[in-house]
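# Chain and residue survey
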Amino acid sequence: MHERNDILTAAAAALRDARSVAVLTGAGVSAESGLSTFRDAQTGHWAKYDPMQLATPEAFRRDPELVTRWYDMRRQAALAANPNDGHRALAEMQRTLAARDGRFTLITQNVDGLHARAGSTDVIELHGSLRHWRCFDCGRAGADLPSPLTEFPTPCDCGGYMRPGVVWFGESLPTGAIDRAAEAAASCDVFLTVGTSAVVYPAAGLIHVAHEAGARTIEINRDATDVSELVTWRLAGPSGDLLPHLMQLAFPTD
Ligand code: BV8
Ligand code: ZN
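These lines cover the structure that appears in this document, whether it is placed above or below. (Residues numbered from 1 in each chain as written. Chains lettered and ligands numbered in written order. Predicted model: local features only at pLDDT ≥ 70, side-chain atom pairs only at ≥ 80, totals over all residues. Heavy atoms only, no water.)

Attention now moves to the environment of A41. Along the chain, the position of A41 falls in the loop between α2 (28–31) and α3 (51–54). Its relative accessible area of 68% is what places A41 among the exposed residues. (Helix = DSSP H or I, 4+ residues; strand = E, 2+ residues; numbered from the N terminus. Buried < 20%, exposed > 50% of the residue type's maximum accessible area, 1.4 Å probe, protein only.)

Turning our eyes to something else, we now look at the coordination of the zinc ion (ligand 2). Only C135 (SG), C138 (SG), C156 (SG) and C158 (SG) from the protein reach the zinc ion (ligand 2) as donors, at distances of 2.2 to 2.3 Å. Its 4 donor atoms give the zinc ion (ligand 2) angles of 105 to 119° at the centre, a pattern that matches the tetrahedral case. All donors of the zinc ion (ligand 2) come from a single chain, and their spacing in sequence reads C-x2-C-x17-C-x1-C. Linking C135 in strand β4 (residues 128–135) with C156 in the loop between β4 and β5 (162–166), this pair joins segments that are 21 residues apart in sequence. (Donors = N, O, S within 2.8 Å, 3.2 Å for Na, K, Ca; no water. Tetrahedral: all angles 85-135°; square planar, octahedral: opposite > 155°, others 65-115°.)

On inspection of all chains with the given rule, the structure shows 7 aromatic pairs. Considering the side-chain rings of W46 and Y49, the 5.3 Å spacing of their centres and the 50° angle between planes classify their relative orientation as tilted. The class of Y49 is partly exposed, set by a relative accessible area of 23%. Ring centres of F60 and W168 lie 5.5 Å apart, and the angle between their planes is 35°; this geometry places the pair in the tilted category. In this pair, F60 is assigned in helix α4 (residues 57–62) and W168 in the loop between β5 and α8 (175–187), connecting sequence segments 108 residues apart. Residue classification places F60 among the buried positions, given a relative accessible area of 3%. Look at W168 and you get buried, because its relative accessible area is 2%. Taken together through their ring pairs, the aromatic side chains of F60, W70, Y71, F136 and W168 make up a single cluster. Here R69 stacks its cationic end above the ring of F152, 4.1 Å away from the centre of that ring. Between the NZ or CZ atom of R163 and the centre of the ring of W168, over which it lies, the distance is 3.9 Å. (Phe/Tyr/Trp six-rings, centres within 6.5 Å; stacked < 30°, edge-to-face > 60°. Lys NZ or Arg CZ within 6 Å of the ring centre and 35° of its normal.)

On to the site of ligand 1, then. Contacts to ligand 1 come from 35 residues, most closely from R39, Y71, R74, T196 and S197. Within the side chain of R39, an N or O atom sits 2.4 Å from an oxygen atom of ligand 1. In this structure, an oxygen atom belonging to ligand 1 sits 2.9 Å away from a side-chain N or O atom of N221. Put simply, the parts of the chain that give the shell around ligand 1 at least two residues each are α2 and α5 (64–80). Taken together, the residues of the shell around ligand 1 break down into 16 nonpolar, 13 polar and 6 charged. (Near = heavy atom within 4 Å. Polar contact = N/O pair within 3.5 Å; in protein donor to acceptor, adjacent residues only side chain to side chain. Nonpolar A, V, L, I, M, F, W, Y, C, P; charged D, E, K, R; others polar.)

This is the structure we're talking about:
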């Protein structure tokens with residue numbers, strides 16, 4: 001335990017001294033809000049499906065009903081979930097950096113919208129969001145779709161089907177998003193990676209960009225990951241505990 005407190009203290013000191021902070025989050029930050037992560041086994045009816053197989057255009061073409069049901073189930077789960085203390089600590093970190101004229105960038109792989117609901121602003125959603133749907137064929141935005149959906153799949157006037165506004169495997173990320181994220185990673189003093197297995201690219205590449213640019217890097221994650229050996233400080237445990245703890249050490253409120 002002694003070792004872990006030293007790591008927390010050192011990481012908090014680096015965060016306190018930072019002029020520019022960038023954060024990359026993954027599904028782990030939403031786990032304590034009750035949303036299943038991408039690679040942990042899914043529950044119930046969806047237990048037999050592998051998200052890696054469903055989150056692709058091929059799966060949608062092959063079985064648009066199944067994929068539409070999966071995404072609308074996840075949209076409903078996200079809407080029913082509440083942000084947790086980890087989301088709130090990151091919103092607090094953004095306000096704290098702004099108050100001291102620092103720079104703060106929150107980059108997320110999550111599509112659940114919980115960072116914004118916790119008060120974070122200007123969140124970079126690298127993989128899109130469950131909130132927005134568009135036609136797979138003509139691209140028309142589905143602004144007024146029922147929630148939950150009533151037709152699976154949901155037809156577009158053009159004869160195509162509506163798809164969730166997320167980035168599937170094999171699809172490119174929104175150019176503005178990945179460029180902004182890469183610039184923030186390359187220019188920050190401290191980079192936090194929180195709740196991600198760091199296996200999906202180009203998102204995970206941001207951790208390497210920050211490290212190579214000389215940033216101090218902090219990993220907050222339940223399990224060890226592909227970057228655990230690379231980071232400056234590794235904190236193993238739930239982000240809902242560790243992020244507020246790190247914030248309290250870095251920016252003590254009396
Ligand atoms: C692209 C949206 C090209 C949809 C997602 C070989 C090598 C390198 C790359 C590739 C390769 N083969 C293919 C690729 C490219 C591919 C890729 O990276 N594949 C990987 C799997 C090898 N990437 C792509 O296809 C990307 N596009 O490259 O395009 C291109 C270029 C030009 C033109 C055309 C095309 C697109 C990637 C985006 C895919 N979409 N999601 C949806 O959400 O359904 S990615 C998906 O994985 C999710 O978004 C998720 O966010 C992301 C990463 O997963 P994590 O968030 O990390 O979640 P995970 O479950 O893995 O981990 C959770 C962690 O939390 C765990 O470590 C756990 O320990 C921890 N945890 C759990 N509870 C807690 C906790 N931590 C703290 N507290 C807790 N309580
Ligand atoms: Zn259409």
